[in-house]
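Commentary on secondary and tertiary structure
In case you want the letters, here they are:
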Amino acid sequence: MRSVAVLAVSAMLTVSGCEVIQPQPAPTPPPVQVTPPPGPPAVIDTGALRQASWNDLPEWRAEDPAQAWQAFLTSCRAFGNQGAWREVCAAAAGIGNPDRDAARRFFETHFTPFRVARADGGDEGLITGYYEPLLRGSRSASARYRFPVYGVPDDLLVIDLAETYPELKGLRLRGRLEGRRVVPYYDRAQIGQGRAALSGREIAWVDDAIELFFLQVQGSGRVVLESGETMRVGYADHNGFPYRSIGRYLADRGDLPLEKASMQGIQAWARANPDRLTELLNVNARYVFFRELPEGLPGPIGSLGVPLTARRSLAVDPEFVPLGAPVYISSTWPLSSRPLHQLMLAQDTGSAIRGAVRADYFWGYGEEAAREAGRMKQPLRMWVLLPSTFRIQDSGSRTQ
């Protein structure tokens, strides 16, 4: 009977969509204190990590780890008092601002690199890019500003099933009540038709539907208001449906060559086909809800609960790479064969970032960041750095 129950719940998750539980993001002081999310688990039982040596990291001696130092300290603020991270974070706090050689010695002394591998043993994957977009908007609707940025609806249920079914730990079911039944929440098309109870949940109104869509894809952004002030918004929740790529959809239909199905290519297609835009956007049933963030934050808030750092923060799949950990990437610059070898910090997640050797590079804010993020789709190898006090078990398939 228990197996039947688990299968039934799994079927519900398939219908309504599920995702890995993310720590609730919270801004850091000033002006509000962070509530630290859980740190990396004491045991990572994924089988995706294989111990390596520092010589295995391409161009490690040429990289400047000091450039990632502040981002590393930001990770320490989230979980630096937990487990094996307590010692390394305390040691880092006492160093100040190290130069290139001092930072390299620190990581080599306190960390061990692990190659991230796929289930088949291969170590090549994919890295894409994301950024913090800028939209034009208003706090009230008008003929120009008619596309709402919604906060979390009051009738959205988020159900954690792990206490009843440990087999489903890390999964959440999203839905709504219909009588005494829990049913899937409204999809993007239904929300656009006004079927969801979202009146009064508008944070802002913007002037461009495709830019609003990409705000949902990026997960955070800024809105320049008519008053001249700038509002920063961040991910709050979503409606429970799985993400589907509209670029892939356009390519599969023959509307756009696959090599041009970048953010810029999709935007250009949308401008040329305004009568088909709603149909295109509804292909991705997932809908993201936002919250307004306090002023004065140095960057958008990632899933770790700390501000992201441009060109040093990375979104990963936390099933394989622990949030907060340093990660060394080996890739190439967007649309280029020029090597990109860099120390990053795993501080975010994303609905499209699934799998062991999969990452999303945070480019920051501005036109250059948007351009590079939209063009980035490069091969990737990666190594996660874990405190040397972790011990290796099961032939490298498990760390502690």
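Residues numbered from 1 in each chain as written. Predicted model: local features only at pLDDT ≥ 70, side-chain atom pairs only at ≥ 80, totals over all residues. Heavy atoms only, no water.

Notes on unusual backbone geometry
- You will see that R311, though not glycine, has its phi angle at about 65°, which is positive.
- Relative to the helices and strands, R311 resides in the loop between strand 12 (288–292) and strand 13 (313–316).
- A residue is classified by how much of its surface remains accessible, and R311, at 29% relative accessible area, is partly exposed.
- Despite not being glycine, L335 shows a phi value in the positive range, around 50°.
- You can see L335 is positioned in the loop between strand 14 (326–332) and strand 15 (339–348).
- Judged by relative accessible area, which is 64%, L335 ranks as exposed. (Helix = DSSP H or I, 4+ residues; strand = E, 2+ residues; numbered from the N terminus. Buried < 20%, exposed > 50% of the residue type's maximum accessible area, 1.4 Å probe, protein only.)

Focus: the sheet that holds strand 4 (residues 134–138)
- Strand order in the open sheet formed by six strands is 5-9-4-10-11-12, with mixed pairing between adjacent strands. Among the strands making up the open sheet, the edge pair consists of strand 5 (147–150) and strand 12. Neighbour-to-neighbour, the strand axes of the sheet open up by a mean angle of 45°, direction not taken into account.
- With two bridges connecting them, strand 4 and strand 9 (residues 202–206) associate as antiparallel partners. In the strand pairing of strand 9, S138 is matched with W205.
- On the sheet, helix 6 (residues 209–218) packs against strand 4, strand 5, strand 9, strand 10 (220–225), strand 11 (230–238) and strand 12 and is oriented at approximately 15° with respect to strand 5. (Pairing = 2+ DSSP bridges. Axes fitted to C-alpha atoms, helices over the stretch in contact; angles between N-to-C directions. Contact = heavy atoms within 4.5 Å.)

Let's talk about the confidence of the model for the chain
- On average, residues of the chain carry a pLDDT of 87, and 86% of them reach 70 or more.
- Low pLDDT, under 50, characterises residues 1–46; the predicted model gives this stretch 117 contacts beyond four residues in sequence or across chains.
- Below pLDDT 50 for its whole length, residues 392–400 participates in 30 contacts with residues either more than four positions away or in separate chains. (pLDDT = per-residue confidence, 0-100.)

Examining the environment of T128
- If you trace the backbone, T128 turns up in strand 3 (residues 125–132).
- For T128, a relative accessible area of 14% translates into the label buried.
- It is 6.1 Å that separates the C-alpha atoms of T128 and Y361, two residues lying 233 residues apart in sequence.
- Engagement of the side chain of T128 in a polar contact is seen with the side chain of D360, the distance being 2.7 Å. (Polar contact = N/O pair within 3.5 Å; in protein donor to acceptor, adjacent residues only side chain to side chain.)

Points about the packing of aromatic side chains
- For the structure on display, the rule yields 22 aromatic pairs.
- Considering the side-chain rings of W85 and F111, the 6.1 Å spacing of their centres and the 55° angle between planes classify their relative orientation as tilted. Highlighted residues: W85 in helix 3 (residues 85–93) and F111 in strand 2 (residues 111–116), separated in sequence by 26 residues. For the residue pair W85 and F111, the accessibility class agrees, reading buried in each case.
- Ring geometry for Y287 versus F289: centroids 5.6 Å apart, planes at 45°, classification tilted. Here the two residues Y287 and F289 agree in accessibility, since each one is buried.
- Through successive ring pairs, a cluster of aromatic residues spans W69, F72, F79, W85, F106, F107 and F111.
- Over the aromatic face of Y365 sits the side chain of R222, whose NZ or CZ is 3.6 Å from the ring centroid. (Phe/Tyr/Trp six-rings, centres within 6.5 Å; stacked < 30°, edge-to-face > 60°. Lys NZ or Arg CZ within 6 Å of the ring centre and 35° of its normal.)

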